[in-house]
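Examining the three-dimensional arrangement
Here is what each chain is made of, one letter per residue.
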Amino acid sequence: MLPHRLKEARKKKGISQQKLGVLAGIDESSSSARMNQYEQGTHTPNFDLMCRVADILDVPVCFFYTVEDELAIRVCQWHDESKKR
């Protein structure tokens, strides 16, 4: 789930793997490669990093870990609605 959702959210936000990595605190020289590894499922990022990534991509962190696709969609809808209040 996490690799697919990470890639989906990053593309929706319109930023590169390198930029996302740098914004999340990964060294610029390895940020693109590390984000690619996370999106491919080769490596798994720790929860603290995913919290930073979630903030950058403006999605709730549970979006990355929810097994059910429908629930992930609803969590994002709830997140968007709560920002409007």
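A short tour of the structure in this document, coming up. Note that the structure is a prediction, hence the values are computed from the model and not measured.

1. Here we look at the overall build of the chain
When you go through the chain residue by residue, the secondary structure sums to 5 helices and 0 strands. Over its C-alpha trace the chain gives a radius of gyration of 12 Å, about what one expects of a compact globule, namely 12 Å for 85 residues. Within the chain, the fraction of its 85 residues that count as buried is 35%. Taking all contacts inside the chain whose residues are at least 6 apart in sequence as the whole, residues at least 24 apart take part in 50%. Working note: accessible area of the chain is about 5400 Å², and carbon and sulfur atoms make up 51% of it.

2. Let's talk about helix α1 (residues 2–13)
Helix length check: α1, at 12 residues, gives a terminal C-alpha distance of 16 Å against a target of 16 Å (1.5 Å per residue), a fit within 8%. Among the residues of α1, L2, R5, L6, A9 and R10 are the ones counted as buried. In a view along the axis of α1, the buried residues occupy a sector of 130°, so they form one face of it. Those residues of α1 that are exposed and aimed more than 90 degrees away from the buried face are H4, K11 and K12. Buried residues along α1 sit against α2 (17–23), α3 (28–40), α4 (47–57) and α5 (69–84). Immediately beyond the C-terminal end of α1, within one or two residues, lies G14, with a positive phi of roughly 80°.

3. Re unusual backbone geometry
Positioned with a positive phi, D58 is a non-glycine residue whose angle comes to about 60°. Turning to its location among the elements, D58 is positioned in the loop between α4 and α5. Residue classification places D58 among the partly exposed positions, given a relative accessible area of 28%.

Rules used throughout
- Residues numbered from 1 in each chain as written.
- Predicted model: local features only at pLDDT ≥ 70, side-chain atom pairs only at ≥ 80, totals over all residues.
- Heavy atoms only, no water.
- Helix = DSSP H or I, 4+ residues; strand = E, 2+ residues; numbered from the N terminus.
- Rg over C-alpha atoms; globule rule 2.2 N^0.38 Å.
- Buried < 20%, exposed > 50% of the residue type's maximum accessible area, 1.4 Å probe, protein only.
- Contact = heavy atoms within 4.5 Å.
- Areas by Shrake-Rupley, 256 points an atom, 1.4 Å probe, with all protein chains shown as cover.
- Expected span 1.5 Å × (residues − 1).
- Arc of directions from axis to C-beta.

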